[in-house]
Amino acid sequence: ESEDVPKAIIINLFSFLGMFSLFSFFTIGLSTGRAFGYLVAIASFFALCISNFFLLRATKKVTIPGNILVFIMLLLEIALLLKLGQGYTCLFWYYLFPVLAFFILGKRIGTVYVVGLFVITIVLFRFHIEGTIEYPKFVQGRLIFTYVITSALTLVFEIVRQRTYF
């Protein structure tokens, strides 16, 4: 069985679960007056996921749809960190990102995305943008530390998976 088949399943499954999650957040956002941000995120994510779904079907290749999905997730992580995360909920999504990036894209390209999100997060924590969520230093430290550990472990798992799969 080709490795593309499980990756295609994950891309489709994650896209649809992502749309469901964002719709749930939008519903919660309605009650807190933050619905507009969620609506923009949902509309963007929905459009990209649908186009990604058709691209995957048309090309039968996972490289471009995989990159699109991981890039969408990177943008959503940043949006959640800055504005959309309620009660620090964005922090939980950070731990899923390395798993998705390494499984879908492999160790090299996955590392680029994981390090990219890490650097962006450090910069955003260092230079707080007015009007965005401000995280206490201990929360920032825990997020960074756990993200690095999760990323390192996931990278090791991906290296082992690639060596035993091929």
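Values in this document were obtained by computation on a predicted structure and should not be read as measured data.

### Re the overall build of the protein chain
Of regular secondary structure, the protein chain possesses six helices and zero strands. Helices (α) and strands (β) of the protein chain occur, in sequence order from the N terminus, as α-α-α-α-α-α. Counting all 166 residues of the protein chain, 43% fall into the buried class. Intrachain contacts of the protein chain at a sequence separation of at least 6 include 73% that bridge at least 24 residues. When the accessible area of the protein chain is evaluated, it comes to approximately 9,400 Å², of which 75% is carbon and sulfur surface.

### What about the confidence of the model for the protein chain?
A low pLDDT score tells you not to read the predicted coordinates there in detail. Looking at the protein chain as a whole, its pLDDT mean stands at 79, while 80% of the residues score no less than 70. Ranking the helices and strands of the protein chain by mean pLDDT puts helix α5 (residues 97-126) first, with 91, and helix α2 (residues 35-59) last, with 69.

### A few points about the environment of Asn 12
Its place among the elements puts Asn 12 in helix α1 (residues 4-32). Using a relative accessible area of 15% as the deciding quantity, one classes Asn 12 as buried. Sequence separation between Asn 12 and Leu 56 is 44 residues, and the spatial gap between their C-alpha atoms is 8.8 Å.

### Comments concerning the pattern of salt bridges
Oppositely charged side chains can form a pair if their charged atoms are brought close together. The tally for this structure, following the rule as stated, stands at one salt bridge. With a closest N to O distance of 2.8 Å, Glu 158 and Arg 161 form a salt bridge. On the criterion of helical spacing, the pair formed by Glu 158 and Arg 161 is a turn pair, its members being three residues apart in helix α6 (residues 137-165). When sorted by exposure, Glu 158 lands in the same class as Arg 161, which is buried.

### Considering a nonpolar patch on the surface
Taken together, the side chains of Phe 145, Ile 149, Leu 153, Val 156, Phe 157 and Val 160 make up a nonpolar region of the molecular surface, amounting to roughly 610 Å² of accessible area. Within the secondary structure layout, Phe 145 lies in helix α6. Residue classification places Phe 145 among the exposed residues on the basis of a relative accessible area of 57%.

### With respect to the nonpolar core
Within the largest apolar cluster, 30 residues are counted, with the highest numbers of intra-cluster contacts made by Val 70, Leu 81, Phe 97, Leu 100, Leu 117 and Tyr 135. Where this core is concerned, the elements lending two or more residues are α1, α3 (63-84), α4 (90-94), α5 and α6. At 11 residues, the largest contribution of residues to this core is made by α5. Filtering out sequence-adjacent residues up to four positions away, Phe 97 remains in contact with Val 70, Met 73, Leu 74, Glu 77, Tyr 113, Val 114, Leu 117 and Tyr 147.

Cut-off values and rules
- Residue positions within a chain follow its written sequence, with the count starting from 1.
- With the structure being a predicted model, the display of local features is reserved for residues of pLDDT at least 70 and the display and counting of side-chain atom pairs for 80 or more, all residues being used for whole-chain, interface and lining totals.
- Computation of side-chain values: all heavy atoms of the structure, hydrogens and water removed.
- Going along the chain from the N terminus, every DSSP run of H or I of four or more residues is numbered as a helix, and every run of E of two or more is numbered as a strand.
- Type-normalised accessible area, obtained with a 1.4 Å probe on protein chains alone, sets the label of each residue: buried when under 20%, exposed when over 50%, and partly exposed for intermediate values.
- The contact criterion used throughout is that any non-hydrogen atoms of two residues lie within 4.5 Å.
- Accessibility throughout is a Shrake-Rupley quantity obtained with a 1.4 Å probe, and a residue counts as covered only by protein chains that appear here.
- Note on scores: pLDDT gives the predictor's confidence for each residue, bounded by 0 and 100.
- Salt bridge criterion: a side-chain nitrogen from Lys or Arg within 4 Å of a carboxyl oxygen from Asp or Glu.
- Nonpolar side chains (Val, Leu, Ile, Met, Phe, Trp, Tyr) are joined into patches within 5 Å and like charges within 9 Å, using only residues with over 30% relative accessible area and no salt bridge.
- Remark: nonpolar core denotes a set of buried residues (Ala, Val, Leu, Ile, Met, Phe, Trp, Tyr, Cys) joined through side-chain atoms within 4.5 Å.

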